[in-house]
Amino acid sequence: MAIHIRRRQFIVALCSAAAWPLAARAQQQAMPVIGWLSSASQETDDAFRLPPFRLGLNETGYVEGRNVAIEYRRAEDQIERLPALAADLVGRQVSLILAAGRPDAALAAKSVTTSIPIVFTNSADPVHLGLVASLNRPGGNITGVTSVSAELEAKRLGLLRELVPSATSMAVLVNPTRPGVDAQLAQAQQAAGVLGITLHILKAGSERDLNAVFVTLVQLKAGALIVTTDGLFVNNFDQIAALAQRYSVPAMFQFREFAAAGGLMSYGPSFGELFRQAGILAGRILRGGKPADLPVIQPTKFELVINMKTAKALGIEVPISMQMLADEVIE
């Protein structure tokens, strides 16, 4: 009898041991997987995008490695790679795709799936690009966060003119390959006309073009530079700030990080807040929310940041009124 019991216990234990890997594998498969599709590099994502995104996920109860996994695919500024990277994520049957960086990432994801939820974060008009039907009712499988950049170009131009009133001509830097570039230029040109400023259009489609842009800028004798929002410029904001310092150019960009890196000033939403909101959206969808019913999030707070050290180096006296208007003054 004792031998029979021991044998039965041994068989039960053996079956349990065999079943454990299957149960573990089933548990792993049950863990939702986010496909991170980025037009940028790992360095840029790790420094500026992922920390606030993870924070937003945490606020909805998800922690990477504990109850959600993230598969990373990055184009490293080689935009033509995005469709294949998006298709790879679809093939891996991820639970959700987070399209970060240039609008091309969201367009690539949209082109390969109509069923997997997509959350985008970019500065283009998602309605104009055909990503969503409307901001309030996106429809389909896509929603996200937009920084409404084109609408802010006129505001940036006005602020830069106020700080550099002697500049009768300015330049605007755009990426000609960026979806939505026409809207950016239209806003800037309209504002320049109102302010009576001659506006030169400079183009950079890759990191290699940036040095030549500043050489041309000096040759044109433009008094200041507006850097429009684009993934290429976000990824290289420190290089652009350094070039602006080297060539003594008053320059303005959208995000605070540019002014902190030595650029003269910035005006726009918090870069980190945009990705925190994207993390919250992703968490809501993983919990059962439908992208079609989740409105596209737009920023409600915009930050003006002025680098006083750079202003002094450029010989620019920042009026007290503008210092008081600024959300942050970097000494």
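None of the values given here were measured: they were computed from a predicted structure.

This brings us to the confidence of the model for the protein. A residue-level look at the protein finds 91% of positions with pLDDT of 70 or above and a mean pLDDT of 89. Counting interchain partners and residues more than four positions distant, the pLDDT-below-50 stretch residues 1–5 has zero contacts. A low-confidence stretch, residues 10–28 (pLDDT under 50), is modelled with zero contacts involving residues beyond four sequence positions or located in other chains.

Here we have seven strands laid out as an open sheet, ordered 7-6-8-9-10-11-12, and mixed in their pairing. Because the sheet does not close on itself, it has two edges, and the strands there are strand 7 (198–203) and strand 12 (328–330). Pairwise comparison of adjacent strand axes, ignoring direction, gives a mean angle of 20° for this sheet. Pairing analysis gives two bridges linking strand 8 (residues 225–227) to strand 9 (residues 251–253), with the strands arranged parallel. Bridge pairing in strand 9 links I226 to M252. Of the strands in this sheet, strand 6 (169–174) and strand 7 are in contact with helix 6 (residues 181–195), which crosses strand 7 at around 160°.

On to the packing of aromatic side chains, then. Enumeration over the complete set of coordinates arrives at 10 aromatic pairs. Directly above the aromatic system of Y267 lies the positively charged group of K155, at a separation of 5.9 Å from the ring centroid.

A surface patch of like charges, here negative, comprises E43, E76, D77, E207 and D238. Looking at where E76 falls in the secondary structure, it is placed in the loop between strand 2 (69–74) and helix 3 (82–91).

One open sheet holds the five strands; their spatial order is 2-1-3-4-5, and the pairing between them is parallel. Taken across any chain shown, the strands that pair with only one partner, and hence form the sheet edges, are strand 2 and strand 5 (142–146). Shown here is a sheet whose adjacent strand axes are inclined to one another by a mean of 20°, direction ignored. Lying on the sheet, helix 3 is in contact with strand 1 (33–38), strand 2 and strand 3 (96–100); it crosses strand 1 at an angle near 175°. Strands strand 1, strand 3, strand 4 (118–122) and strand 5 of the sheet are contacted by helix 11 (residues 271–286), whose axis makes an angle of about 160° with strand 5.

Right, let's get into empty space enclosed by the protein. In total, this model carries two cavities of 30 Å³ or more according to the counting rule given. Approximately 160 Å³ is the volume attributed to the largest cavity. In this structure, the largest cavity is lined by 17 residues; those nearest its centre are G101, T121, N122, S123 and F271. Where the lining of the largest cavity is concerned, the elements lending two or more residues are strand 4, helix 8 (231–235) and helix 11. Top element by residues in the lining of the largest cavity is helix 11. It accounts for three residues. Taken together, the residues of the lining of the largest cavity break down into seven nonpolar, seven polar and three charged. By volume, the second largest cavity is sized at about 50 Å³. Taken together, F48, V234, F237, F253, F255, E257, F258 and F271 form the lining of the second largest cavity.

Rules used throughout
- Residues numbered from 1 in each chain as written.
- Predicted model: local features only at pLDDT ≥ 70, side-chain atom pairs only at ≥ 80, totals over all residues.
- Heavy atoms only, no water.
- pLDDT = per-residue confidence, 0-100.
- Contact = heavy atoms within 4.5 Å.
- Pairing = 2+ DSSP bridges.
- Helix = DSSP H or I, 4+ residues; strand = E, 2+ residues; numbered from the N terminus.
- Axes fitted to C-alpha atoms, helices over the stretch in contact; angles between N-to-C directions.
- Phe/Tyr/Trp six-rings, centres within 6.5 Å; stacked < 30°, edge-to-face > 60°.
- Lys NZ or Arg CZ within 6 Å of the ring centre and 35° of its normal.
- Patch = residues over 30% accessible without salt bridge, like charges linked within 9 Å, V, L, I, M, F, W, Y side chains within 5 Å.
- Areas by Shrake-Rupley, 256 points an atom, 1.4 Å probe, with all protein chains shown as cover.
- Salt bridge = Lys/Arg side-chain N within 4 Å of Asp/Glu carboxyl O.
- Lys, Arg positive; Asp, Glu negative; His and termini not counted.
- Charge placed at Lys NZ, Arg CZ, Asp CG, Glu CD.
- 1 Å grid on protein atoms, 1.4 Å probe; cavity = no way out; pocket = protein on both sides within 12 Å on 5 of 7 lines; lining within 4 Å.
- Points joined across faces, edges and corners; volume = space filled by probe spheres on them.
- Nonpolar A, V, L, I, M, F, W, Y, C, P; charged D, E, K, R; others polar.

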